[in-house]
Amino acid sequence: MQDAFGYQLMKGTGNITGHIRCSNGLRHIQCRGLQPQEKYTLFLDTKREQEKAADNHGCLSFSCSREGFLFLCNQAGIPILWQESTDGSGLFRARQYLQKAAPPKKTLPQPEQPPPAAPEPEEKSPPPREQYLLRAPSCAPMAAALPRVQWPESLEKLRSAMAAVMPFSPFPLPGFRCARMPGPSPAIPFYITGYKTENSRVCHLVYALPGHPLRPPAQLPGCQWKSGWWYTVQNVKG
């Protein structure tokens, strides 16, 4: 969305920022927070518009005379800066345009295979003997005899959501039962949540996001790094 001065802010990953300024029929794109001397490609919808290298300060500028959706990709072809809209779908649109711009995969012609030889008649073998495996004796209580986990009323929605998905353990976290949950926006496609019990009551919650070891997510204040994930543990009152 443009303001009265013809500026439009762009949204990026990490510390990457930018804006678009309209002047004399041109759109001037300014990018900051990039890797110095690294090359980046500006896309206009599905077309590769321009490719430039950032300066020594991690800044980069482009000019474009045509209308369309603008976004910037790094050398790996990953969107890192894009036009944002009120519904927050900018990153999703950039990924869709990249899929449309990708050339179709060529399939090599397969050589003709000779017809399979007729199978030789098999000798009938006797039916296998049934085998029974008995579980080793154990003193552990039966699953039906275990006490039910008690959740606070304020966490009833989380309990129902975790009961509907399969357990997922992204990294060793003793005592916690975790699950992979859908993210609230395209910028966070998924996250990990879990709980720990004490005396059959939920006493701790854990939240985790994948990320870079040098860039902790703003959504998890006071988080810790472990095995490719940023996580935080919260106490449950009551």
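Residues numbered from 1 in each chain as written. Predicted model: local features only at pLDDT ≥ 70, side-chain atom pairs only at ≥ 80, totals over all residues. Heavy atoms only, no water.

1. Considerations on the pairing of strand E3 (residues 26-32)
Now for step 1: Two strands pair when backbone bridges link them, and strand E2 (residues 17-23) and E3 are joined in this way by seven bridges, in the antiparallel orientation. Across the sheet, serine 23 pairs through a bridge with leucine 26, a residue of E3.
Now for step 2: Counted along the chain from E2 to the antiparallel partner E3, the turn is two residues long, and its residue asparagine 24 has a positive phi close to 55 degrees.
Now for step 3: Sheet topology note: the E3/strand E6 (residues 60-64) ladder contains five bridges and is antiparallel. Each residue of the ladder has a partner; that of histidine 28, found in E6, is serine 63. (Pairing = 2+ DSSP bridges. Helix = DSSP H or I, 4+ residues; strand = E, 2+ residues; numbered from the N terminus.)

2. Concerning helix H1 (residues 90-101)
Now for step 1: Taking 1.5 Å as the rise per residue, H1 with twelve residues should run 16 Å; its terminal C-alpha atoms sit 17 Å apart, in good agreement.
Now for step 2: When we look at burial in H1, the residues that qualify are Gly90, Leu91, Ala94, Tyr97 and Leu98. The arc enclosing the buried residues of H1, seen along the axis, measures out at 125 degrees, which places them on a common side. For H1, exposure combined with an orientation more than 90 degrees from the buried face picks out Gln99 and Lys100.
Now for step 3: Those residues of H1 hidden inside the fold are in contact with strand E4 (39-44), strand E7 (70-73) and strand E8 (79-83). (Expected span 1.5 Å × (residues − 1). Buried < 20%, exposed > 50% of the residue type's maximum accessible area, 1.4 Å probe, protein only. Arc of directions from axis to C-beta. Contact = heavy atoms within 4.5 Å.)

3. A short note on the nonpolar core
Now for step 1: If you look at the biggest cluster of nonpolar residues, it comprises 17 residues, and the most contacted ones within it are Ile29, Cys31, Leu34 and Leu72.
Now for step 2: Every element with two or more residues in this core is listed here: E3, E4, E6, E7 and E8.
Now for step 3: Beyond its immediate chain neighbours, meaning those up to four positions away, cysteine 31 contacts Thr17, Gly18, Gly58, Cys59, Leu60, Phe62, Leu72 and Leu81. (Core = buried A, V, L, I, M, F, W, Y, C linked by side-chain atoms within 4.5 Å.)

4. Points about the environment of glycine 25
Now for step 1: Relative to the assigned elements, glycine 25 resides in the loop between E2 and E3.
Now for step 2: Note: C-alpha distance between glycine 25 and arginine 66 (41 residues apart in sequence) is 8.7 Å.

5. What to know about the packing of aromatic side chains
Now for step 1: Overall, the coordinates contain eight aromatic pairs when judged by the stated rule.
Now for step 2: On the basis of an interplanar angle of 45 degrees and a centroid distance of 6.5 Å, the ring pair of phenylalanine 171 and tryptophan 229 is categorised as tilted. Within this pair, whereas phenylalanine 171 is found in the loop between helix H2 (156-163) and strand E9 (176-185), its partner tryptophan 229 is found in strand E13 (residues 229-235), the two being separated by 58 residues in sequence.
Now for step 3: Residue classification places phenylalanine 171 among the buried positions, given a relative accessible area of 6%. (Phe/Tyr/Trp six-rings, centres within 6.5 Å; stacked < 30°, edge-to-face > 60°.)

6. Concerning the sheet that holds strand E12 (residues 224-226)
Now for step 1: Spatially, E9-E10-E11-E13-E12 is the arrangement adopted by the five strands of the open sheet, whose pairing is antiparallel. Each edge of the open sheet is held by one strand with a lone partner, namely E9 and E12. Averaged over all neighbouring strand pairs, the angle between strand axes comes to 30 degrees, with direction disregarded.
Now for step 2: Strand direction decides the pairing type here: strand E11 (residues 201-210) and E13, joined by seven bridges, are antiparallel. Opposite leucine 209, over in E13, you have tryptophan 230 as the bridge partner. (Axes fitted to C-alpha atoms, helices over the stretch in contact; angles between N-to-C directions.)

7. Points about the environment of methionine 10
Now for step 1: Considering the arrangement of structural elements, one finds methionine 10 in strand E1 (residues 7-12).
Now for step 2: When the C-alpha atoms of methionine 10 and tryptophan 82 are compared, they prove to be 5.5 Å apart, with 72 residues separating the residues in sequence.
Now for step 3: Those residues in contact with methionine 10 that sit more than four places away from it in its chain are Gly18, His19, Ile20, Ile29, Leu70, Leu81, Trp82 and Gln83.

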